[in-house]
Amino acid sequence: MKEQDAGHNEIVDTIRTKEERSRFLAFIEELAGRLFRISKEDAIRIIQVRVPECAVAATMRAVTDLPADPETVKGVFEKLERALLALRILRVDVAISPTDAVIEHMFSWVRREVGRGIILDVICDRTVLGGARFVFEGRYREYTLAKKIEKFFENDREYISKKFLHHAS
Amino acid sequence: MRLDFNNCLSEIGEIGFVERVVSSLVYIEGLPGVKPQELVIFETGEFGLVTAISESSSEILSFSHIPVRVGSRVARTNKLLEIPIGGDLLGKTISPLGKSIDPSRPLPPAKETRPIDIAPQGIGSRAKISKACETGVSMVDLMIPLGKGQRELVMGDQKTGKSKFLLRSLLSQIKNGAVGVYAVIGKNQLAIKQIEEELTKMGILSNVVLIVSSADDATGMIYLTPYAAMTIAEYFRDNGRDVLIVLDDLSMHAKAYREISLLGKRFPGRNSYPGDIFYTHSRLLERAGNFRTSHGELAITCLPVVETVQGDLTGYIQTNIMSMTDGHIFFDHDLFVEGRRPAIDPFLSVTRVGRQTQTPLQKEIGRALISFLRNVARMHNFASFGAELGDHIKRALEKEVRVFQFFDQTAYDRVPQALQLFLFGLIWGDAWRDKSRSELRILIQKILFMYDSKQEVRERIDGHISGITRLDDLVKALQDINISSELGV
């Protein structure tokens, strides 16, 4: 049991984004539906295709250590599913389409500064221009370039219009 | 803080996302600090009201008639729902959120806003109802009198003349210096336009605030309408004016609230109405009354309207509102079909506090009328047998015709109180005994016209009835009067 829990944690810890979590959940659903009707080789092939790359190794190890008893296996999958659904999502709106390296960098920072149990939902929104917007459990923080520019024009409207008028004249 | 989505988002720092939409109810995820009854704003700029909060989501009553999209963002405003108020509202037709319904005639920015839903004032600030609320309808003023600050339910089937009565009451009260507030709840656009035109024709629109929600507006807007109207009425009261507020009609309001509650999975009670339907209306009607204010005693007189079906007074909403008001006026469909205008059944109508505002003469007239009409109703039963009628029965039936001719107000809107007493004295005695129905009608119209247009006629009529406290004295004083020479009729 303890080995199974360690296996859970290892898999859950490798999931970095909401998209990866959705793929893994789809994988669990597929595997659970075909349990004991497919060979080990087929299972490994499914893992390689369906599971996000970051979680492949951990998943392989977990599947290899699975007991033979079908009820226990079902329980293991359900527990894993619950653990994944319990992950909290930090939504980040950025101006670029993030690469895997960027996601890894962001995820490491979150893991280090905030803690475990949080995954990212990185959205590319070009209106942001630069910086990022964060939404976490209903809380909203905006540190975007677009917001700074808007605030600058709002606060210094008089100064800016004077400057333009001065130059125009 | 400006009520703009982006502003609210950055000031409060909380965001929600719409996860499910069920007609007017929107379920959102997020907004951890949201409070019950708080106003929220969608990214489209539309508003909503928080009606329930659970662990995973909040339930919002949307005021937008365009369906909210799943996934759209919502921000908190950290405010309760408030409506902008001010003297500028007079003569305007507005939505329950305080915006003009005609985009070409926007309202100027309001200096003050007030919460729409507040607790009614306690007993300490209330005063006994002592002043009469003249409706200008003789039958009501004499037999079912109203007082300023009274809540009198107006009920009847559709198309029985209720709206006409309400408009006449508004006319009468506005002529006496009050402000009118008319809440049109969930009616069709044509009916709203007709009411507006009637008020314009009567020349009183500039003293009335019309708060409207049409049948195709969002259910949330229909639900808000009477509360917004009452808030505006309270503003004018606090600024030194008596107010007459009409809520047309609360049966539609009850249906809208039922829809919201059933969609929100509240447990249905009798007739599928929610368990708190009584509270929904009682907390509204309790805000009317006669109050002690810094400007003296001022009243909000409330005329809620409820529609009945085939004259059934025993319906759930009807009996609820009958129990929370100070009386009711019942418009009978059968009387309407017979041609009676107004089609009020005086035997099924009740006033609980109006009589204490009447003069002794008016009280005596009211008692005499009720007693007389009851006796005559019994006499009709004998008359239907076809047997020969005695002289006293014939005289009584002829008197009944005169009385109903006096009550008939098809052609004119308002009969001032002094003139009511004058005309009644002529009708009750033998002065007009030999007049036919049409002669009576013409005479009454002429007298009314002269009273309204000539100062000396008004003074003469008022002089005839001043100081008279008994019905017999009134009849005696008017017995030998020559209408043609006295009034130039």
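No experiment lies behind these values; they were computed from the predicted model shown. (Residues numbered from 1 in each chain as written. Chains lettered and ligands numbered in written order. Predicted model: local features only at pLDDT ≥ 70, side-chain atom pairs only at ≥ 80, totals over all residues. Heavy atoms only, no water.)

## Here's the deal with the sheet that holds strand β4 (residues 47-53) of chain B
All names here are of chain B. Spatial strand order, β1-β2-β5-β4-β3-β6: six strands in a closed barrel with antiparallel pairing. For this sheet the average axis-to-axis angle between neighbouring strands, irrespective of direction, equals 45 degrees. Across five bridges, β4 lies against strand β5 (residues 58-62) in antiparallel orientation. Within the sheet, the bridge partner assigned to Ile53 lies in β5 and is Ser58. (Pairing = 2+ DSSP bridges. Helix = DSSP H or I, 4+ residues; strand = E, 2+ residues; numbered from the N terminus. Axes fitted to C-alpha atoms, helices over the stretch in contact; angles between N-to-C directions.)

## Section: the interface of chain B and chain A
On the side of chain A, eight residues touch chain B, which itself brings ten residues to the contact. For the pair chain B and chain A, the number of links is zero salt bridges. Taken together, chain B and chain A are joined by four residue pairs in polar contact (both at pLDDT 80 or more). Elements represented by at least two residues in the side of chain B that touches chain A include exactly α1 (5-12) and β1 (15-22) of chain B. With three residues, α1(B) is the single largest residue contributor to the side of chain B that touches chain A. Among the residues making up the side of chain B that touches chain A, the classes are represented as five nonpolar, four polar and one charged. (Contact = heavy atoms within 4.5 Å. Salt bridge = Lys/Arg side-chain N within 4 Å of Asp/Glu carboxyl O. Polar contact = N/O pair within 3.5 Å; in protein donor to acceptor, adjacent residues only side chain to side chain. Nonpolar A, V, L, I, M, F, W, Y, C, P; charged D, E, K, R; others polar.)

## What about empty space enclosed by the protein?
For the coordinates displayed, the defined rule picks out one cavity of 30 Å³ or more. Put simply, the largest cavity is a space of about 50 Å³. Of the residues contributing to the lining of the largest cavity, the split by class is four nonpolar, four polar and two charged. (1 Å grid on protein atoms, 1.4 Å probe; cavity = no way out; pocket = protein on both sides within 12 Å on 5 of 7 lines; lining within 4 Å. Points joined across faces, edges and corners; volume = space filled by probe spheres on them.)

## Describing the UniProt feature "domain: ATPase F1/V1/A1 complex alpha/beta subunit nucleotide-binding" (unreviewed entry) in chain B
UniProt feature "domain: ATPase F1/V1/A1 complex alpha/beta subunit nucleotide-binding" (unreviewed entry): in the numbering of this structure it lies at residues 136-350 of chain B. When the span residues 136-350 of chain B is considered, its composition is 43% helix and 23% strand, and the gap between its end C-alpha atoms is 18 Å. (UniProt positions renumbered as here; feature names shortened; annotations may be inferred.)

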